[in-house]
Amino acid sequence: MFGYVIVNKAEMKYKEFDVYHSYYCGLCHVLKENYGRAGQLSLSYDMTFVLMLLTSLYEPEETTNYYRCLPHPVGKHAAVTSQVTEYVADMNVLLTWLKGQDDWKDEKKLSGLVMEKSLGKGEHRINERYRKKVDAILKLMRRLSEEEKRGQTDIDTMAGLFGSVMAEIIAMKEDEWQETLKRLGYYLGKFIYLADAYEDIETDIKKNNYNPLKERYQNPEFEDDFHTILTMMIAECCKAFEQLPIIEHVDILRNILYSGVWGRYQIVREKREKEKKHE
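Residues numbered from 1 in each chain as written. Predicted model: local features only at pLDDT ≥ 70, side-chain atom pairs only at ≥ 80, totals over all residues. Heavy atoms only, no water.

**Considering the overall build of the protein**
Stated formally: Working definition: helices are DSSP H or I runs of at least four residues, strands are E runs of at least two. Numbering for both runs from the N terminus. Note on contacts: a residue pair qualifies if any of its non-hydrogen atoms lie within 4.5 Å across the two residues. Method for areas: the Shrake-Rupley scheme with a 1.4 Å probe, in which residue coverage is limited to the protein chains shown.
Within the protein, the regular secondary structure consists of 11 helices and two strands. In the protein, the succession of α and β elements from N to C terminus is α-α-β-β-α-α-α-α-α-α-α-α-α. At a minimum sequence separation of 6, the contacts of the protein that also span at least 24 residues come to 69%. Counting every atom, the protein has about 14600 Å² of accessible surface; 49% of that belongs to carbon and sulfur.

Have a look at this one:
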């Protein structure tokens, strides 16, 4: 359920991408330092967006270091970190641990079991730091799992539960921006959940896995109706974003919200439309 909140690199300046990449690398470094190789493997573009959003809003003191790593062995690359990076790394690990747990319980995926066991100790550490937030997220994820087992087909209910998870994560502080950040996170989370369901629908039908879109998918108007729903979700997300007093990196964040988030969805839709034409 990750990898949808990404940049549209084709529409970015080289300098902007370098800045984005420095935050991505910073998050990767903190994950490795705090949680080892398993933590590093949990790195996601979605949480890089959260990192840049909260950093741009709160403007914490940042540190820039330069590292070599396996993906970039030739030259050193910049890695920007701050207290916000620590928070986002913790939330990244929490989400990955929960996803691994669900993958093992629901589909017996070995990769899910490995990730759950690898990050299990980190979950205890995160729980000590953010007890109230973790309790809320765990409660929401348990309900999401329960509704999936019941075969819930109301997409607003299902997407709303994951939206509430993202709302908890993005609202890092209890302050004047909390409600706006929660609205942004809520609608972004709904978009992610629905886009993920859309991408998996054909596989889930073949394997008889749960997917809230199964009934709707047979409707001739499905594609256009679903695109409208996604547009509504991201429009509400962007509306909340524009209410935040963000100046630094605002063009990068807009690139992601107004363009990048559509990348994977468009690839899947275009592929399916081509396949249908050749049937």
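**As for the confidence of the model for the protein**
Here is the rule: Across the chain, each position has a pLDDT score giving the predictor's confidence in that residue, from 0 to 100.
Confidence in the prediction for the protein averages 89 pLDDT; 89% of positions are at 70 or higher. When mean pLDDT is taken per element in the protein, helix α10 (residues 250-258) scores highest with 98 and helix α4 (residues 110-129) scores lowest with 57. Low pLDDT, under 50, characterises residues 110-119; the predicted model gives this stretch 20 contacts beyond four residues in sequence or across chains.

**Focus: the pattern of salt bridges**
Which entries qualify depends on this criterion: When a carboxyl oxygen of Asp or Glu lies within 4 Å of a side-chain nitrogen of Lys or Arg, that pair is called a salt bridge. Relative accessibility decides the category of a residue: with a 1.4 Å probe and only protein chains considered, values under 20% of the type maximum give buried, values over 50% give exposed, and everything between is partly exposed.
For the structure shown, the criterion picks out 14 salt bridges. For Glu-223, the salt bridge goes to Arg-269, with nearest N and O atoms at 3.7 Å. Of this pair, Glu-223 sits in helix α9 (residues 222-241) while Arg-269 sits in helix α11 (residues 263-277), placing them 46 residues apart in sequence. A relative accessible area of 15% means that Arg-269 is categorised as buried. The shortest N-O distance in the salt bridge between Glu-242 and Arg-254 comes to 2.8 Å. Pair noted here: Glu-242 is in the loop between α9 and α10 and Arg-254 is in helix α10, with a separation of 12 residues, a long-range link. Each of Glu-223, Asp-224, Arg-269 and Glu-273 takes part in one network of salt bridges that share partners.

**Some points on the packing of aromatic side chains**
Two aromatic rings are characterised by how far apart their centres lie and by the angle between their planes. As a reminder, the rule being used: Pairing of aromatic rings covers Phe, Tyr and the six-membered ring of Trp, with a centre-to-centre limit of 6.5 Å; geometry is then stacked below 30 degrees between planes, edge-to-face above 60, and tilted otherwise. Two thresholds decide whether a charge sits over a ring: the Lys NZ or Arg CZ must be within 6 Å of the ring centre and within 35 degrees of the ring normal.
For the coordinates displayed, the defined rule picks out 13 aromatic pairs. Between Tyr-186 and Tyr-187, the ring centres sit 5.1 Å apart and the planes meet at 80°, which makes this aromatic pair edge-to-face. Using a relative accessible area of 22% as the deciding quantity, one classes Tyr-187 as partly exposed. Seen from their ring centres, Phe-226 and Tyr-265 are 6.5 Å apart, and the 40° between their planes marks the pair as tilted. On the criterion of sequence distance, the pair formed by Phe-226 in helix α9 and Tyr-265 in helix α11 is long-range, its members being 39 residues apart. For the pair shown, Phe-226 and Tyr-265 are each scored as buried. An aromatic cluster of three or more residues is present, and its members are Phe-191, Tyr-198, Tyr-217, Phe-222, Phe-226, Trp-262 and Tyr-265. The lysine or arginine in question, Lys-9, covers the ring of Phe-17, its NZ or CZ lying 4.3 Å from the ring centre. Over the aromatic face of Tyr-58 sits the side chain of Lys-173, whose NZ or CZ is 4.3 Å from the ring centroid.

**Looking at the nonpolar core**
As a reminder, the rule being used: Nonpolar core, defined: a set of buried Ala, Val, Leu, Ile, Met, Phe, Trp, Tyr and Cys residues in which side-chain atoms within 4.5 Å join the residues together.
Ranked by size, the top nonpolar core spans 86 residues in total, and within it Phe-49, Leu-53, Leu-184 and Leu-188 carry the most contacts. Aside from chain neighbours lying at most four places away, what touches Leu-184 is Phe-49, Leu-53, Ile-170, Cys-237, Ala-240, Phe-241 and Leu-244.

**A look at the state of the cysteines**
Selection rule: Criterion for a disulfide: a pair of cysteine sulfur atoms within 2.5 Å.
This model, assessed by the stated rule, comprises zero disulfides. Cys-238 carries a free sulfur, and the closest cysteine sulfur to it, the one in Cys-237, is 5.3 Å from it. For Cys-238, a relative accessible area of 6% translates into the label buried.

**Focus on unusual backbone geometry**
Excluding glycine, a negative phi dihedral is what most residues carry, and trans is how most peptide bonds are arranged. At Glu-59, a residue that is not glycine, the phi angle is positive and equals roughly 50°. In this fold, Glu-59 is placed in the loop between α2 (45-58) and β1 (63-69). Looking at Glu-59, the relative accessible area reads 56%, which means it is exposed. You will see that His-249, though not glycine, has its phi angle at about 65°, which is positive. Following the sequence through the fold, His-249 ends up in the loop between α9 and α10. Residue classification places His-249 among the buried residues on the basis of a relative accessible area of 18%.

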